[in-house]
Amino acid sequence: MKEKQVLGITPSNAAYHFGTSGASVAIATGITHPLDVIKVRLQMQLVGQRGPLTGMAQLFSQVLKNEGPRSLYMGLAPALTRSVLYGGLRLGLYEPSKHACEWAFGSTNILCKIASGAFAGAVATALTNPTEVLKVRLQLKSSSKRGTIGEIRKIVAEEGVAAFWKGVGPAMARAAALTATQLATYDESKQVLMKWTPLREGFELHIISSTIAGTVSTLVTTPVDMVKTRLMLQRESKDAGMYKNGFHCAYRVLRTEGPRGLYKGGFAIFARLGPQTAITFVLCEQLRKLAGLDAI
């Protein structure tokens, strides 16, 4: 029993950890989903080519004009499903992992926080990759009438069940980097701000720390997010079928589209990830408080 308490894992709080994390990520995802759709469209511009790129605002206007407001919510069902499962596992595993590091090494320094975040993100993504594949497929093809179930049947019939794990390597790398930078930066920012400023646990501290975390995680994860999207959409773009794996994809993008190619959709990612990070952490902290859990 003592070891369970040290690791922060008890039957009484496991459901609260998962529930508060999953709910906060799902709400943040629902609010920022249109920007995720735009991000996927931006990342699939000029595949294998160099040239002028359509900006986020212009693409947003084009999608609204040509496809209607509903197109901005394509893939929302798998996105919310993924948010509950991925968000619950990602944030829910972080704290127990951090406590495990403290028990094993007697410390929860920044390296332990990064390692805990990377582990939580990678495990969560490995288990939920099918929902991510389904989400980006639907987001790219707003004119599809098949819907979620129809898209699942199409993928299974034409590509097999294994297609749901396309891009799982880069997805795990991206989630590990995202969770490590996002959670570790948020956690560490809170500690630094409470030490050197008058801020204490509360909305102001949470919003400032989450903004810092969103900025850092965007800069680190945008290239990996681009590679992940390209691999998941191989069958949806003939030009993208040239990619053998994540490293090959990154190399081809650099060679044919230039360094800027790895940051396609970067502003959309920041515009989405910044608010999403802030909403997620502020809501999660409040839900944890209501559930009687300690702050992150």
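This text goes with the structure placed above it.
Source: prediction; values computed, not measured.

Q: Would you mind showing me how to read the nonpolar core here?
A: Counting 15 residues, the largest nonpolar core has Y243 and C249 as its most contacted members. Those elements that provide at least two residues to this core are α5 (110-140), α8 (203-232) and α9 (246-257). Ignoring any residue separated from it by four or fewer positions in sequence, one finds C249 in contact with V227, R230, L231 and Y243. V25, Y94, L183 and F281 belong to the second largest nonpolar core, which has nine residues in total.

Q: Looking at this structure, how should I read the packing of aromatic side chains?
A: Between two aromatic rings, the relevant description is the distance of the centres plus the angle of the planes. A full pass over the atoms with the stated rule returns one aromatic pair. With a centroid separation of 3.9 Å and 5° between ring planes, the pair formed by Y186 and F281 is classed as stacked. With a gap of 95 residues between them, Y186 in helix α7 (residues 168-196) and F281 in helix α10 (residues 266-290) connect regions that are remote in the sequence. Across the pair, F281 and Y186 agree in class, each one buried.

Q: Honestly, α5 in this entry has me stumped. Any pointers?
A: An α-helical turn contains 3.6 residues, so a residue and the one three or four places further along point in the same direction. The terminal C-alpha atoms of α5 lie 38 Å apart, and with 31 residues this falls more than 12% below the ideal 45 Å at 1.5 Å per residue. A maximum bend of about 65° is found in α5 at T128, where proline P130 lies one to four positions downstream. Where α5 begins, one side-chain oxygen reaches toward the backbone nitrogen of L111, 3.1 Å away; that side chain belongs to N109.

Q: How should the packing of α5 against helix α6 (residues 147-159) be read in this particular structure?
A: How two helices sit against one another is set out by the angle between their axes and by the gap between those axes. Put simply, α5 and α6 touch, their axes get as near as 10 Å, and they point 110° apart. Relative to α6, the element α5 is oriented roughly perpendicular. Across from L134, R137 and L138 in α5, the residues of α6 making contact are G147, T148, E151, I152, I155 and E159.

Thresholds applied
Residues numbered from 1 in each chain as written. Predicted model: local features only at pLDDT ≥ 70, side-chain atom pairs only at ≥ 80, totals over all residues. Heavy atoms only, no water. Core = buried A, V, L, I, M, F, W, Y, C linked by side-chain atoms within 4.5 Å. Buried < 20%, exposed > 50% of the residue type's maximum accessible area, 1.4 Å probe, protein only. Helix = DSSP H or I, 4+ residues; strand = E, 2+ residues; numbered from the N terminus. Contact = heavy atoms within 4.5 Å. Phe/Tyr/Trp six-rings, centres within 6.5 Å; stacked < 30°, edge-to-face > 60°. Expected span 1.5 Å × (residues − 1). Bend = angle between axes of the 7 residues up to and from the residue. Polar contact = N/O pair within 3.5 Å; in protein donor to acceptor, adjacent residues only side chain to side chain. Axes fitted to C-alpha atoms, helices over the stretch in contact; angles between N-to-C directions. Parallel < 35°, antiparallel > 145°, perpendicular 65-115°, else oblique.

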